[in-house]
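# Fold and contact review
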Amino acid sequence: MVYAATVAGTVLWLAAILLAPWLAGRGADGAARIVYAVFAPVCHQDPQRCFALGGHPLAVCGRCLGIYMGFAAGLALTPFVRGFSRLALPRGRIFAVLILPMALDGVAGVLGLWRSPIGVRFVTGFAWGTILPFYFVAGVADLVLIRRRRRSGRGLEKSQGPT
Amino acid sequence: MNKPKPEYLRPALIAGAVAGLLSGLPIIGAGNCLCCLWIVGGAAVAAKLLAAQTPGLLTAGDGAIVGALTGIFAAVVDTLVKMPFQRYNLELARRILDRFSEYGTDIPSGLEGWLDLGSGALSPGWLLLGLFFSAAVYAVMGALGGTIGVSLFGRKAIPPTPSAPPATPQGPSDAT
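Reference entry: report on the structure contained in this document. (Residues numbered from 1 in each chain as written. Chains lettered and ligands numbered in written order. Predicted model: local features only at pLDDT ≥ 70, side-chain atom pairs only at ≥ 80, totals over all residues.)

On to the overall build of chain A, then. Assigned secondary structure in chain A consists of five helices and two strands. Tracing chain A from N to C terminus, the helices and strands come up as α-α-β-β-α-α-α. Relative to its length of 163 residues, chain A is extended, with a C-alpha radius of gyration of 20 Å against a globular reference of 15 Å. C-alpha extents for chain A along the principal axes are approximately 70 × 40 × 30 Å. Residue burial in chain A is summarised as follows: out of 163 residues, 36% are buried. Here the analysis covers contacts within chain A between residues at least 6 apart in sequence; of these, 69% occur between residues at least 24 apart. (Helix = DSSP H or I, 4+ residues; strand = E, 2+ residues; numbered from the N terminus. Rg over C-alpha atoms; globule rule 2.2 N^0.38 Å. Buried ≥ 20, exposed ≤ 12 C-beta atoms within 10 Å, placed from the backbone. Contact = placed C-beta atoms within 7 Å.)

Shown next, in the form of structure tokens:
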């Protein structure tokens, strides 16, 4: 259930990223502006750092697109790597290895040491994004289990009544 | 038999307030442009605070709960902090546009429409809509950050004991 909902949400999120330039290309500026505004809190949307569709920038930058595409790829791998029954989280080392390229690239960019091309931004974001669904699906699935257990515990207490 | 419920509210409130403040401030708030850095980081810190104050072991779900709550609190604080800055930024942009027109310079197309949209965003309806959307996005990002936080700062699984069921079920579950 959680997995299916995450897949649906990811597909919608990626579709919305493409929707903004598509709307702008069709002259629906007002609707495009709203879609761009939706993504504004989570991305700087600098057109120079965004891939373009039909001459209009996507709703998020190359790195963010990489993270979301990586998330989708990791999500597709989740059933094969973890299966549906294991809620164990990835090891800290794997997390560190996958975040390191993006962190180095990001920090160096902020410090002005180098200005990486959009392809590098996309790839480093993609690498980091692939591990995220292994956390997200496990976390939310366990959250649902915790709530179910607590609800059934409360139901049991009620059915037993005051002693 | 259930394990005792961890106290999620306090760590979520503390970390949410800090993450919301950082997200709402100009320039510093741009940190959220990197995969919601302040929200994911704030939720991870909330998980660390939860791990520090909880005697039992934490599961991925505990991290997701405290992270999602952190995201919701951060969205409220972020909206409140942004309100005065939004007015200031719009006023500043208007003045710049007025100065442009005084010198007879063409105003880039779409900028006036953007300002109108920004003015509309100050109305209570738009504020509530923005808050609702931010809370939804930040809750999702927070759940992710909280789970990462539990994996980094807390222990991952409850070892099976005679009195408590394991937190990582071995059998298939329809939750995933």
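Secondary structure summary: chain B contains five helices and zero strands in total. Sequence-ordered secondary structure for chain B, helices as α and strands as β, is α-α-α-α-α. Considering only contacts in chain B between residues 6 or more positions apart, those separated by 24 or more positions represent 80%.

In the contact formed by helix 5 (residues 118-160) of chain A and helix 5 (residues 124-153) of chain B, the axes pass within 9 Å of each other and the chain directions differ by 95°. One element, helix 5 of chain A, and the other, helix 5 of chain B, form an angle in the roughly perpendicular class. Residues Leu 132, Tyr 135, Phe 136, Ala 138, Gly 139 and Val 140 of chain A of helix 5 of chain A lie in contact with helix 5 of chain B, whose contacting residues are Ala 143, Leu 144, Gly 146, Thr 147, Ile 148 and Ser 151 of chain B. Within the contact of helix 5 of chain A with helix 5 of chain B, the residues separate by chemical class into eight nonpolar, four polar and no charged. (Axes fitted to C-alpha atoms, helices over the stretch in contact; angles between N-to-C directions. Parallel < 35°, antiparallel > 145°, perpendicular 65-115°, else oblique. Nonpolar A, V, L, I, M, F, W, Y, C, P; charged D, E, K, R; others polar.)

Residues and elements named next belong to chain A. Close contact between helix 1 (residues 2-25) and helix 2 (residues 29-39) brings their axes to 8 Å; oriented N to C, the two are set at 150°. Overall, the two elements helix 1 and helix 2 adopt an arrangement that is roughly antiparallel. Relative to helix 2, the crossing made by helix 1 is left-handed. Across the interface between the two elements, Ala 16, Leu 19, Ala 20, Leu 23 and Ala 24 of helix 1 pack against Asp 29, Ala 31, Ala 32, Val 35, Tyr 36 and Val 38 of helix 2. Split by residue class, the contact of helix 1 with helix 2 holds 10 nonpolar, no polar and one charged. (Left-handed = near helix turned anticlockwise from the far one by under 90°.)

Attention now goes to the nonpolar core. In terms of nonpolar packing, the biggest core is built from 75 residues, with Ala 20 of chain A together with Ile 39 and Leu 144 of chain B touching the most fellow members. With 14 residues, the single largest contributor to this core is helix 5 of chain A. If sequence neighbours within four positions are ignored, Ala 20 of chain A has contacts with Ala 32, Val 35, Tyr 36, Leu 58 and Ala 59 of chain A. (Core = buried A, V, L, I, M, F, W, Y, C linked by C-beta atoms within 7 Å.)

All names here are of chain A. Relative to the elements of secondary structure, Arg 121 occurs in helix 5. In the structure, Arg 121 is positioned 20 residues away from Pro 101 in sequence and 9.5 Å away in space, judged by C-alpha atoms. If we skip the residues at most four places from it in the chain, Arg 121 touches Arg 49, Gly 62, Arg 63, Gly 66, Asp 105 and Ser 116.

Moving on, we come to unusual backbone geometry. Non-glycine residue Gln 45 of chain A carries a positive phi angle of around 55°. Within the element layout of this structure, Gln 45 of chain A appears in the loop between helix 2 and strand 1 (52-53). Overall, Gln 45 of chain A belongs to the partly exposed group, with 19 C-beta atoms counted inside 10 Å. The backbone of Ile 27 of chain B sits at a positive phi, close to 70°, despite the residue not being glycine. Residue classification places Ile 27 of chain B among the exposed residues on the basis of 6 C-beta atoms within 10 Å.

All names here are of chain A. Secondary-structure assignment places Met 1 in the segment before helix 1. Judged by the 12 C-beta atoms lying within 10 Å of it, Met 1 is exposed. Taking the C-alpha atoms as reference, Met 1 lies 8.3 Å from Ala 141; in sequence the two are 140 residues apart.

Here the focus is helix 2 (residues 37-53) of chain B. With 17 residues, helix 2 of chain B should cover 24 Å at 1.5 Å per step; its first-to-last C-alpha distance of 24 Å lies within 8% of that length. Extensive coverage of helix 2 of chain B is indicated by the burial of 13 of its 17 residues. (Expected span 1.5 Å × (residues − 1).)

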